[in-house]
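Listed here are the chains, written in short residue letters.
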Amino acid sequence: MNTLVIVLVAAVVLIAAYTLYGRWLANKWGVDKEALTPAKRMKDGKSFSPVSAFTAFSHQFSSICGAGPVTGTIVAMAFGWLPVVLWVLVGGIFFGAVHDFGALYASMKNNGKSLAQLIEKYIGKTGRRLFLLFCWLFCIIVIAAFTDMVCKTFMFTPAVDASGAATGAIDFTKSYAAGCAGTISILFTFVAIAFGWAQKKFNLTGAAEFVTGVVLMVLMFAVGMQFPVYLDKFQWFAVVMVYLVFAGAMPIQMLKTPRDYLTSIMMIVMIACAVLGIVVLGVNGQATITAPVFTGFSTVSGMMFPVLFVSVACGALSGFHSLVSSGTSSKQVEKEQDAVKVGYGAMIVESFVGILAIIVAGIMFSTMNTTGANGAAVGTPFQIFSRGVAGFFEKMGVPVQVATVFMTMCVSALALTTLDAVARIGKMSFQEIFSVDDMKHAALWRKVVCNPYFATIITLLCGYVLTKVGYQQIWPLFGSANQLLSALVLITLCVFLKVTGRKNKILFPPMIIMLCVTFTALVQRLIAMIKAIQQAAAVEIPAGQTSWGAVFIANGLQLIIAVLLIVLGLTIVVNSAKSYVKSKKGSETEEVAKA
C-alpha cells in the first residue's frame, strides 16, 4: 500500500479530532477565556512563569514525545501495521489527548497542583503517599529504558576481522553518525543555556527568538559533524547520568525551558523532513509498505491483548504525560484557552509522529527485521527510524551521513529532554515520600533523604542498576506501568469532574479498558519472570553452579517491581473507587479570578 495515503488520512483524522473533539471537550468542561491562570496569578519567576502558547506547547511536546512514539510503534509492528495504526489514531484521539488535556486542566483549576497533590485532595493522604511511591518506581523504569536506548544509539561500533571477531578497535565508518550525534547532544546543553540567557538578556520574542534558535542549532550541528565523540555504552552511561544530576538541580527556566523550545523546532523540522520524504517517494511509487498488514492475534511477544496496548504507549496513551501536564506545564500556560493547544494538541502531534514511525518501519521492513533474529530488532528504534528517513533523503540527493546524523540528533534530543523531565519528577516524588510539613525541625535523616542532590542520585542509581536488563526487556514493564498510571490518573480526573459539576462519563471507557489491559499485562509479566527464574535456576553450568545471579538481575529486579506495582495499583484503585462513591456531584465551588 502507498504510504502517502496513510499519511494524508491520518493527518486529516487527527486535525479533525483536534478541531472538533478537542474544542468540544473544552466547551463541555467550561474552559474560561477570562480566567487568570496559576502562571499569572502565582507568578514567581521560578516554578510559575507565564509563557506564550507556542513555548508552553514546546515544553509539553518535547517532554512527552521522547523515545515512546518511535520505540513502541516499531516494537508493535510484529502484529502488522494496521492494528498499530488503528490503536495510535483511536487511542491518541479518545484516550491519550483527553487524558493529557484533563490532567493539565485539573491542575490549572487547582492552582497548578501536581498530580500527587490532586490525589491527596480528591482521594486522600494515603492515596497520595502510595501514588508517590508508584510514581517513583515508574520514573526508575523510564530512566532505565530511555538511558539504555540513548547510550546504545550513541555508542561506537567495534571493528571486526574477516571472521567476525572483534579486533578491539573502533569501526569509524559505522560509528561516525552515532559519534556526531553524541557530540551534538553534549553541545546541546550549553547551547540551550546560552539561548536561555539570550532570551532574557535581549528580550527575544517572535521571529528574532526563532532565528536565534535556528542559527545556534545550525552552528551546533556543524561543530558536531566535525568533531564526533567515540565512547562505549558504559562511558555514555556516565555522561548521561552526570548530565541528569546537574540538569535536575538547575532552575527550569535556565536549561529545560530553552531546551524545550529548541527541541520542538528540531522535532517540527524532523516531522516535515519525514513527511516530505514520504511524499516524494510516494509520488514516484517508491513508498510502498512491505510489512504485513496483519500477522495475527498472537506473536512471539504474546497476545495482541494486552501486548499491543502496553507496547504502544506514547503515541496513543501515556500516563507519564500527566506528570508533565500537572507538574510543569500547568504552571506555564498563560491563557486558559491555550490548555487545549498544549494538552490535547501536543498529544495529537505525538500521535502523528507515531504514524510516521510506523510508515518508516513499514517501508524498511524488507531490509530490517522488526521481530529480528530470535526476536531482536536490528539496532535501536532510534537507529531504525533515523536510517529509514535518511534513506528517503539519500534518494533525493542528500548525503546519507548528514541525514542520518540529523535524524539521530533529533530523536535522541527528544529522549534526553524526556529523561530530564523524568529525573526531575523522580527526584520530587522521592522527596515528597519522606517530606513533612515542618521540614525545618525534621529529623536529620529526613533532611538528608529530602536533599535534592541525594534524591536525584538515589533515583538515578536505581535507574542505572535496572539498565543492566536492557531496554528490550524493560519495555513491556515500562508499558504496563505507564498505562496503569494513566488509568489511575483517569480515576482521579473522574472525581475532579464529578465534584466540580462537570461531565465525566467520557472518561469511564478508557479508564476501564486500561485497568483491564495493565493488570493483565503485569500479571502475565510476573508469571513469565517467575518461570524464567525457575528454568534458569534448574540448569547447571560447567562449574556445577547455576546461572541464578545473571537471571536474577535480568528478571528478579523486574519481578520485585512488578509485584510492587500490582499491589500499589490495586490499593490506589480501591481507595480511589471509595472516594468517588463518597464524593458528591457539584460539591466543590470554584472561585475563578478574572483577568
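Scoring rules and cut-offs
- Residues numbered from 1 in each chain as written.
- Predicted model: local features only at pLDDT ≥ 70, side-chain atom pairs only at ≥ 80, totals over all residues.
- Heavy atoms only, no water.
- Helix = DSSP H or I, 4+ residues; strand = E, 2+ residues; numbered from the N terminus.
- Rg over C-alpha atoms; globule rule 2.2 N^0.38 Å.
- Buried < 20%, exposed > 50% of the residue type's maximum accessible area, 1.4 Å probe, protein only.
- Contact = heavy atoms within 4.5 Å.
- Areas by Shrake-Rupley, 256 points an atom, 1.4 Å probe, with all protein chains shown as cover.
- Lys, Arg positive; Asp, Glu negative; His and termini not counted.
- Charge placed at Lys NZ, Arg CZ, Asp CG, Glu CD.
- Patch = residues over 30% accessible without salt bridge, like charges linked within 9 Å, V, L, I, M, F, W, Y side chains within 5 Å.
- Salt bridge = Lys/Arg side-chain N within 4 Å of Asp/Glu carboxyl O.
- Expected span 1.5 Å × (residues − 1).
- Polar contact = N/O pair within 3.5 Å; in protein donor to acceptor, adjacent residues only side chain to side chain.
- Phe/Tyr/Trp six-rings, centres within 6.5 Å; stacked < 30°, edge-to-face > 60°.
- Disulfide = S-S within 2.5 Å.
- Pairing = 2+ DSSP bridges.
- Axes fitted to C-alpha atoms, helices over the stretch in contact; angles between N-to-C directions.
- Parallel < 35°, antiparallel > 145°, perpendicular 65-115°, else oblique.
- Nonpolar A, V, L, I, M, F, W, Y, C, P; charged D, E, K, R; others polar.
- Bend = angle between axes of the 7 residues up to and from the residue.
- Left-handed = near helix turned anticlockwise from the far one by under 90°.

## Some points on the overall build of the chain
Then, in step 1: A count of helices and strands for the chain gives 21 helices and four strands.
Then, in step 2: Here the C-alpha radius of gyration of the chain, 23 Å, is about what a compact globule of 595 residues would show, namely 25 Å.
Then, in step 3: Projecting the C-alpha coordinates of the chain onto the three principal axes gives extents of approximately 75 × 65 × 50 Å.
Then, in step 4: The buried share of the chain, taken over its 595 residues, is 58%.
Then, in step 5: In the chain, 85% of the contacts between residues at least 6 apart in sequence involve partners at least 24 apart.
Then, in step 6: Within the structure as shown, the chain displays about 23,200 Å² of accessible surface, and the carbon and sulfur contribution to it stands at 68%.
Then, in step 7: One way to put it: in the chain the 42 positive side-chain charges average out to a point 6 Å from where the 24 negative ones average out.

## Looking at a nonpolar patch on the surface
Then, in step 1: Together, Leu 82, Leu 86, Val 293, Phe 294, Phe 297 and Met 303 line one region of the surface with nonpolar side chains, adding up to about 560 Å² of accessible area.
Then, in step 2: Structurally, Phe 294 can be placed in the loop between α11 (256-283) and β3 (298-299).

## Brief notes about helix α10 (residues 233-249)
Then, in step 1: Along its 17 residues, α10 runs 25 Å from first to last C-alpha, staying within 8% of the 24 Å computed at 1.5 Å per residue.
Then, in step 2: Residues of α10 that are buried include every one of Trp 236, Phe 237, Val 240, Met 241, Tyr 243, Leu 244, Val 245, Ala 247 and Gly 248, and no others.
Then, in step 3: Where α10 is buried, its residues contact α7 (125-154), α8 (172-201), α11, α16 (400-434) and α18 (452-467).
Then, in step 4: A side-chain oxygen of the first residue of α10 lies 3.2 Å from the backbone nitrogen of Phe 234; this N-cap is Asp 232.

## As for the packing of aromatic side chains
Note on aromatic pairs: each is described by the distance of the centres and the angle between the planes.
Then, in step 1: Here the structure, examined in full by the defined rule, presents 29 aromatic pairs.
Then, in step 2: Judged by centre distance (6.2 Å) and plane angle (10°), the rings of Phe 146 and Trp 475 are stacked. Pair noted here: Phe 146 is in helix α7 and Trp 475 is in helix α19 (residues 471-499), with a separation of 329 residues, a long-range link.
Then, in step 3: A relative accessible area of 4% places Trp 475 in the buried class.
Then, in step 4: Taking 6.2 Å as the distance between ring centres and 75° as the angle between the ring planes, the aromatic pair formed by Phe 221 and Phe 406 counts as edge-to-face.

## A short note on the environment of Phe 54
Then, in step 1: Checked against the element boundaries, Phe 54 lands in helix α3 (residues 53-64).
Then, in step 2: A relative accessible area of 35% places Phe 54 in the partly exposed class.
Then, in step 3: Once the C-alpha coordinates of Phe 54 and Ala 162 are considered, the two residues, 108 residues apart in sequence, prove to be 53 Å apart.

## What to know about the environment of Leu 104
Then, in step 1: Position of Leu 104 relative to the elements: it lies in helix α5 (residues 81-108).
Then, in step 2: Looking at Leu 104, the relative accessible area reads 0%, which means it is buried.
Then, in step 3: C-alpha separation for the pair Leu 104 and Tyr 471, spaced 367 residues apart in sequence, amounts to 29 Å.
Then, in step 4: Beyond its immediate sequence surroundings of up to four residues, Leu 104 is in contact with Ser 325, Ser 329, Ser 330, Val 333, Ala 339, Val 342 and Gly 343.

## A look at a positive patch on the surface
Then, in step 1: On the surface, Lys 28, Lys 503, Lys 505 and Lys 585 cluster together into a positively charged patch.
Then, in step 2: Within the secondary structure, Lys 505 is located in the loop between α19 and α20 (508-537).
Then, in step 3: Judged by its relative accessible area of 61%, Lys 505 is exposed.

## Let's talk about the state of the cysteines
Between two cysteines, a covalent bond joining their sulfur atoms is known as a disulfide.
Then, in step 1: Across all of its chains, the model carries zero disulfides by this definition.
Then, in step 2: Looking at the unpaired Cys 462, the closest cysteine sulfur is the one in Cys 139, lying at 12 Å.
Then, in step 3: Here Cys 494 stays free of any disulfide, with the sulfur of Cys 516 as its closest cysteine sulfur at 14 Å.
Then, in step 4: Owing to a relative accessible area of 1%, Cys 494 belongs among the buried residues under this scheme.

## Quick look at the pattern of salt bridges
Then, in step 1: Per the counting criterion, the structure on display carries eight salt bridges.
Then, in step 2: The closest approach of N and O atoms between Lys 121 and Glu 588, which form a salt bridge, is 3.4 Å. Within this pair, whereas Lys 121 is found in helix α6 (residues 115-122), its partner Glu 588 is found in the segment after α21 (548-582), the two being separated by 467 residues in sequence.
Then, in step 3: What makes Lys 121 partly exposed here is its relative accessible area of 41%.
Then, in step 4: Among the ionic pairs, Lys 256 bridges to Asp 260, the shortest N-O distance being 3.2 Å. With Lys 256 and Asp 260 both in helix α11 and four residues apart, this pair spans about one turn of that helix. Neither residue differs from the other here; Lys 256 and Asp 260 are each classed as buried.
Then, in step 5: Through salt bridges that share partners, Glu 120, Arg 128 and Glu 432 make up one connected network.

## With respect to the pairing of strand β2 (residues 166-170)
Then, in step 1: As judged from the two bridges shared by strand β1 (residues 158-160) and β2, these two strands associate in the antiparallel manner. By the bridge assignment, Val 160 is partnered in β2 with Ala 166.
Then, in step 2: Connecting β1 to the next strand, β2, in antiparallel fashion are five residues, including Gly 164 with a positive phi near 90°.

## As for the packing of helix α1 (residues 3-29) against α11
Then, in step 1: Between α1 and α11, whose axes approach to 8 Å, the crossing angle comes to 135°. When the axes of α1 and α11 are compared, the pair comes out oblique. Facing Thr 3, Leu 4 and Val 7 of α1, the residues of α11 in contact are Ile 278, Val 279 and Val 283.
Then, in step 2: When the residues that make up the contact of α1 with α11 are grouped by side-chain class, the tally is five nonpolar, one polar and no charged.

## Some points on α5
Then, in step 1: Helix length check: α5 (28 residues) gives 38 Å between terminal C-alpha atoms against 40 Å at 1.5 Å per residue, within 8%.
Then, in step 2: Gly 92 marks where α5 bends most, by close to 55°.
Then, in step 3: Most of α5 sits out of view: 24 of its 28 residues are buried.

## Concerning the packing of α8 against α16
Then, in step 1: It is at 9 Å that the axes of α8 and α16 come closest, and there the two elements cross at 45°. When the interaxial angle is binned, α8 and α16 end up oblique. For the crossing formed where α8 meets α16, the hand is right-handed. In this structure, α8 contributes Thr 173, Tyr 176, Ala 177, Cys 180, Ala 181, Ile 184, Ser 185 and Phe 188 to the contact, and α16 contributes Gln 401, Thr 404, Val 405, Thr 408, Met 409, Ser 412, Ala 413 and Leu 416.
Then, in step 2: Here the contact of α8 with α16 is composed, by residue class, of 10 nonpolar, six polar and no charged.

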